[in-house]
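# Fold and geometry: a report
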2 protein chains.
Amino acid sequence: MTFYTFTEEKLREFTENVFLKMGCTTADAQLAADVLLRSDLRGIDSHGVARLSGYIRLWEKERINATPVIKVVYETATTATVDGDGGLGLVVAPFAMKIAIEKAKLYGTGWVAVRNSNHFGIAGYHALLAVEQEMIGISMTNASPLVAPTYANERLLGTNPMCYAFPAGKYPPVVVDMATAAAANGKLEIAQRANLPIPEGWAQDKDGNTSTNPHQLKEGGSLLPLGSDKDHGSHKGYGLSATVDILSAVLSGANYGPWVPPFVSFLEPPSDPVGAGIGHFFGAMRVDGFRPAQEFKDHLDNWIERFKQAKTVDPDKQVIIPGEPEYAFEQERRTAGIPLIDAVVHDLNELADKLGISRLN
Amino acid sequence: MTFYTFTEEKLREFTENVFLKMGCTTADAQLAADVLLRSDLRGIDSHGVARLSGYIRLWEKERINATPVIKVVYETATTATVDGDGGLGLVVAPFAMKIAIEKAKLYGTGWVAVRNSNHFGIAGYHALLAVEQEMIGISMTNASPLVAPTYANERLLGTNPMCYAFPAGKYPPVVVDMATAAAANGKLEIAQRANLPIPEGWAQDKDGNTSTNPHQLKEGGSLLPLGSDKDHGSHKGYGLSATVDILSAVLSGANYGPWVPPFVSFLEPPSDPVGAGIGHFFGAMRVDGFRPAQEFKDHLDNWIERFKQAKTVDPDKQVIIPGEPEYAFEQERRTAGIPLIDAVVHDLNELADKLGISRLN
């Protein structure tokens with residue numbers, strides 16, 4: 001595998017140009033690019049610019065609205081439901097999170113459910129918007145059905161990620177940002193490309209047998225919830241994924257469960273939708289709504305230090321604080337640049353040719 | 001194993017008498033008994049009256065205050081921090097949840113962090129208080145350190161449960177109520193009593209090797225987070241447990257991580273506390289803060305129906321809706337009574353003799 005490394009600025013400019021060609025306003029193109037770039041910077045390569053041509057393909061099929069009129073359709077002092085008008089989740093989600101933050105400024109907390117949206121990038125981006133305001137940020141989204149609930153032999157849930165982000169004092173924020181499946185689909189895709197077996201407990205084949213063949217997912221198989229099997233708590237992963245689905249979609253009026261429209265353009269959305277687009281859910285809570293912010297930060301620093309000092313099984317490994325590896329990536333890549341594998345560069349150059357913008361290299 | 005079956009009324013009266021002997025007010029004794037009985041009714045036998053003598057032993061050691069002055073110590077429109085004054089979590093938690101509900105009535109949502117509390121029973125009890133008001137209920141608590149984070153060979157987190165409860169229409173509420181460890185400690189205790197091996201992935205021994213010996217936990221071993229190992233996402237279970245710990249304790253001013261005081265009276269609390277007692281976190285969100293309540297309930301009914309109709313691996317098994325088995329237990333046990341194993345009955349009768357109240361049988 002060959003890597004090419006690009007500066008953040010170069011990739012940002014390229015990405016903005018793609019979104020401009022899609023017809024986004026300059027502000028929206030900049031925002032959408034910022035979400036994708038943050039993912040690449042944080043080392044979550046599966047959710048960054050590698051997905052650009054996926055967004056474009058959905059737009060070509062008129063399943064993404066490049067000029068949405070995003071609206072609050074329902075509201076109380078601390079709650080709101082936002083209709084994303086079929087826009088890019090990369091734009092709709094920050095819009096919604098900002099409403100949650102504004103409500104939290106006034107009332108202590110703010111909570112926003114979103115319908116009629118699309119893939120929103122990494123959950124962590126949105127939760128971290130709240131952290132910048134000394135708030136706890138919460139974000140989640142439902143996603144294309146790939147996961148079979150415990151006992152099921154059918155894909156009914158997405159990898160439905162949830163994220164909780166907390167501001168620390170002298171350390172980077174604690175960011176728990178996780179898919180509720182045993183393994184993210186991106187990990188399976190890596191194994192598919194390399195034709196390597198996957199661990200038992202990630203996926204089952206079309207007959208519901210646990211399988212180490214990464215290609216089974218394309219042949220009618222399913223991903224498994226966090227916990228992998230009943231004995232190891234897969235009903236908990238299923239319950240978490242269900243929670244994300246209900247908060248993101250049953251509460252907002254989006255599609256849920258098997259009705260969630262697929263991210264990939266070659267699969268058609270169900271013909272009998274139960275709501276609009278995909279759904280998200282966001283929360284912002286002022287830390288100083290509970291105790292003085294500095295006290296919270298001091299104690300979270302203490303929490304972090306204690307966990308980092310933990311006795312480990314392998315003396316060469318430290319306990320990892322959630323969000324720590326992504327922060328380290330971000331520090332490094334902001335200066336050293338962002339490496340992309342040749343297949344992604346090739347794909348982006350093809351996209352550039354199609355859209356009539358400058359190639360990456 | 002012999003079971004004796006008691007009516008709900010009989011067990012309730014007995015439990016109230018125990019709490020009255022502890023010095024609780026009549027209202028508090030009734031409330032604490034209600035929380036424990038609900039657990040037995042819902043089939044969560046590990047968290048019901050079987051724990052009564054544990055609460056008494058902590059009270060005897062002056063680690064539970066039977067007559068707490070529970071106070072709101074910090075507040076905004078939608079947030080509060082409650083100091084439980086060392087009271088029974090069974091009493092402090094409903095107090096806090098009711099504040100969250102009152103705030104939600106006024107502002108759409110309410111969020112309460114709690115410090116200086118004790119074991120609060122089942123998380124589901126408290127979340128369901130919100131569901132009765134057509135709200136989404138959220139409850140969580142930290143707990144005695146038993147779980148090693150990914151890579152650690154040290155117990156730094158509790159089995160830290162989180163619960164999300166949602167009101168449905170014609171079906172019982174959806175209640176996701178789960179420990180964030182691969183297996184609850186209660187399951188290990190059952191294996192210990194029966195001297196049976198446990199599945200790999202539940203626990204590790206004192207050297208950090210995965211172990212099928214259920215007694216390892218008492219010999220310096222640890223429980224493992226949901227996900228069991230890194231390959232299967234144990235960092236996610238660790239991240240969830242960390243989230244519960246931070247929301248329950250770093251936010252409220254309770255003890256966190258390895259400083260959480262143990263539930264068992266024979267282990268002393270750490271001599272260098274970082275906060276007060278154990279911590280909880282509660283939330284209540286009005287469904288109609290997001291969309292008309294009937295619409296939400298209709299769609300949640302549809303969600304439930306679709307998941308129950310899922311194609312299953314074993315045609316004799318149905319996909320289980322979170323909370324469904326507990327609801328079925330509750331319907332059955334309200335009329336058929338609550339079965340207790342002989343060891344628990346023996347323990348409760350000894351407790352009765354010690355306190356000078358009527359035996360169970």
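Conventions used here
- Residues numbered from 1 in each chain as written.
- Chains lettered and ligands numbered in written order.
- Predicted model: local features only at pLDDT ≥ 70, side-chain atom pairs only at ≥ 80, totals over all residues.
- Heavy atoms only, no water.
- Helix = DSSP H or I, 4+ residues; strand = E, 2+ residues; numbered from the N terminus.
- Rg over C-alpha atoms; globule rule 2.2 N^0.38 Å.
- Buried < 20%, exposed > 50% of the residue type's maximum accessible area, 1.4 Å probe, protein only.
- Contact = heavy atoms within 4.5 Å.
- Areas by Shrake-Rupley, 256 points an atom, 1.4 Å probe, with all protein chains shown as cover.
- Lys, Arg positive; Asp, Glu negative; His and termini not counted.
- Charge placed at Lys NZ, Arg CZ, Asp CG, Glu CD.
- Least-squares fit on C-alpha atoms with pLDDT ≥ 70 in both.
- Buried area = accessible area lost by both parts, 1.4 Å probe.
- Salt bridge = Lys/Arg side-chain N within 4 Å of Asp/Glu carboxyl O.
- Polar contact = N/O pair within 3.5 Å; in protein donor to acceptor, adjacent residues only side chain to side chain.
- Nonpolar A, V, L, I, M, F, W, Y, C, P; charged D, E, K, R; others polar.
- Core = buried A, V, L, I, M, F, W, Y, C linked by side-chain atoms within 4.5 Å.
- Pairing = 2+ DSSP bridges.
- Right-handed = clockwise from strand over helix to strand, strands pointing away.
- Patch = residues over 30% accessible without salt bridge, like charges linked within 9 Å, V, L, I, M, F, W, Y side chains within 5 Å.
- Axes fitted to C-alpha atoms, helices over the stretch in contact; angles between N-to-C directions.
- Parallel < 35°, antiparallel > 145°, perpendicular 65-115°, else oblique.
- Left-handed = near helix turned anticlockwise from the far one by under 90°.
- Phe/Tyr/Trp six-rings, centres within 6.5 Å; stacked < 30°, edge-to-face > 60°.
- Lys NZ or Arg CZ within 6 Å of the ring centre and 35° of its normal.

## With respect to the overall build of chain A
Scanning chain A from terminus to terminus reveals 10 helices and 12 strands. Here the C-alpha radius of gyration of chain A, 20 Å, is about what a compact globule of 361 residues would show, namely 21 Å. Every one of the 361 residues in chain A was classed for burial, and the buried ones make up 62%. Taking as baseline every contact in chain A between residues at least 6 positions apart, the subset at least 24 positions apart corresponds to 64%. Total accessible area on chain A is roughly 13,100 Å²; 51% of this is exposed by carbon and sulfur atoms. Taken together, the 33 basic and 43 acidic charged side chains of chain A have centroids lying 1 Å from each other.

## Concerning unusual backbone geometry
In this structure, Asp85(B) takes a positive phi of about 55° despite not being glycine. Topologically, Asp85(B) is positioned in the loop between β3 (79-83) and α4 (89-107).

## Focus on the relation of the copies chain B and chain A
Screw-axis analysis of chain B against chain A gives a translation of 0.0 Å along the axis, an RMSD of 0.0 Å, and a rotation angle of 180°. The operation mapping one copy onto its partner corresponds to a two-fold rotation axis. No C-alpha of chain B approaches the rotation axis more nearly than that of Gly227(B), which lies at 2.3 Å. A share of 100% of the interface residues of chain B reappears at the interface of chain A, consistent with the copies meeting face to face through the same patch.

## Digging into the interface of chain B and chain A
Opposite the 92 residues of chain B that make contact, chain A presents 93 residues. When chain B packs against chain A, the two sides together hide about 7,500 Å² of surface, and 66% of this comes from carbon and sulfur. Of all residues in chain B, Tyr151(B), Lys236(B) and Phe290(B) give up the largest surface area on contact with chain A, accounting jointly for 11% of the area buried on that side. Counting the contacts that link chain B with chain A gives two salt bridges. For Glu154(A), the salt bridge is made with Arg306(B), and the minimal N-O distance between the two is 2.4 Å. Joining chain B to chain A, the criterion identifies 38 residue pairs in polar contact (both at pLDDT 80 or more). When residues in the side of chain B that touches chain A are grouped by element, the largest group, 12 residues, is from helix α7 (residues 234-250) of chain B. Class assignment of the residues belonging to the side of chain B that touches chain A gives a composition of 54 nonpolar, 26 polar and 12 charged.

## As for the nonpolar core
Ranked by internal contacts, the top residues of the largest apolar core, which has 108 residues, are Leu300(A), Trp303(A), Leu300(B) and Trp303(B). Contacts of Trp303(B), omitting those with residues within four sequence positions, involve Tyr238(A), Ala242(A), Asp245(A), Ile246(A), Val250(A), Tyr256(A) and Ile321(B).

## A look at the pattern of salt bridges
Where charged atoms from two side chains of opposite charge come close, those side chains can pair. Inspection of the entire model under this criterion finds 40 salt bridges over all chains. The salt bridge involving Glu330(A) is made with Arg334(A); its shortest N-O contact spans 2.6 Å. Here Glu330(A) pairs with Arg334(A), and both are found in helix α9 (residues 324-336), just four residues apart, close to one helical turn. With a relative accessible area of 38%, Arg334(A) lands in the partly exposed category. The salt bridge involving Asp288(B) is made with Arg286(B); its shortest N-O contact spans 2.8 Å. Look at the salt bridges and you will find they share partners, linking Glu8(A), Arg12(A), Asp34(A), Arg38(A), Arg42(A), Glu330(A) and Arg334(A) into a network.

## Observations regarding the pairing of strand β3 (residues 79-83) of chain A
Residue and element names in this part refer to chain A. Most of β3 sits out of view: five of its five residues are buried. Of the two faces of β3, both are covered, the one formed by Thr79, Thr81 and Asp83 as well as the one formed by Ala80 and Val82. Two strands pair when backbone bridges link them, and strand β2 (residues 71-75) and β3 are joined in this way by four bridges, in the antiparallel orientation. Its bridge partner being in β3, Lys71 is matched across the sheet by Asp83. In sequence, β2 turns back onto β3 through a hairpin of three residues. As judged from the five bridges shared by β3 and strand β4 (residues 109-117), these two strands associate in the parallel manner. Looking across to β4, one finds that Thr79 is bridged to Trp111. Of the crossover connections in this fold, the one passing from β3 over helix α4 (residues 89-107) to the parallel β4 is right-handed.

## Digging into a nonpolar patch on the surface
Residue and element names in this part refer to chain A. Residues Val264, Phe266 and Leu267 make up a contiguous nonpolar surface patch of roughly 300 Å² in combined accessible area. Relative to the helices and strands, Val264 is located in the loop between α7 (234-250) and β11 (278-286). Owing to a relative accessible area of 31%, Val264 belongs among the partly exposed residues under this scheme.

## A closer look at the packing of α4(B) against helix α5 (residues 123-131) of chain B
Axis angle and axis distance: for two packed helices, these are the angle between their axes and the distance between the axes, and together they describe the pair. All names here are of chain B. The geometry of α4 relative to α5 is characterised by a closest axis approach of 10 Å and an angle of 25° between their N-to-C directions. Here α4 is positioned roughly parallel relative to α5, judged by the angle of their axes. Where α4 crosses over α5, the handedness of that crossing is right-handed. Residues Ala93, Pro94, Met97 and Ile101 of α4 form the contact with α5, whose participating residues are Tyr125, His126, Ala127, Leu129 and Ala130. Residues that form the contact of α4 with α5 fall into these classes: eight nonpolar, one polar and no charged.

## Here's the deal with the packing of aromatic side chains
Under the counting rule described, the total for this entry stands at 18 aromatic pairs over all chains. Taking 5.3 Å as the distance between ring centres and 80° as the angle between the ring planes, the aromatic pair formed by Tyr55(B) and Phe263(B) counts as edge-to-face. Here the residue Tyr55(B) occupies a position in helix α3 (residues 52-60), and Phe263(B) occupies one in the loop between α7 and β11 (278-286), the gap between them amounting to 208 residues. Pair check on accessibility: Tyr55(B) and Phe263(B) agree, each one buried. When the centroid spacing of 3.8 Å and the interplanar angle of 10° are considered together, the rings of Trp303(B) and Phe307(B) count as stacked. Placement of both Trp303(B) and Phe307(B) in helix α8 (residues 293-308) is noted, with a separation of four residues, approximately one turn of the helix. Across this residue pair, the class does not change: Trp303(B) and Phe307(B) are buried. Taken together, the ring pairs connect Trp111(A), Phe281(A), Phe290(A), Trp111(B), Phe281(B) and Phe290(B) into an aromatic cluster. A cation over an aromatic ring shows up here: Arg51(A) above the ring of Phe263(A), its NZ or CZ 5.1 Å from the ring centre.

## Thoughts on the sheet that holds strand β10 (residues 222-223) of chain B
Residue and element names in this part refer to chain B. Across the sheet, which stays open at both edges, the three strands sit in the order β9-β8-β10 with antiparallel pairing between neighbours. Single-partner strands in this sheet number two, and they are β9 (210-211) and β10. Relative to β9, strand β8 (residues 203-204) runs antiparallel, the two sharing two bridges. Looking at the pairing, Gln204 lines up with Thr210 of β9.

## Describing the side chain of Gln204(A)
As for its position among the elements, Gln204(A) is in strand β8 (residues 203-204). Side-chain polar atoms of Gln204(A) contact the backbone oxygen of Ala152(A), separated by 3.0 Å. Aside from chain neighbours lying at most four places away, what touches Gln204(A) is Ala148(A), Ala152(A), Asn153(A), Asn209(A), Thr210(A), Ser211(A), Gln216(A), Gly221(A), Ser222(A), Leu224(A) and Val313(B).

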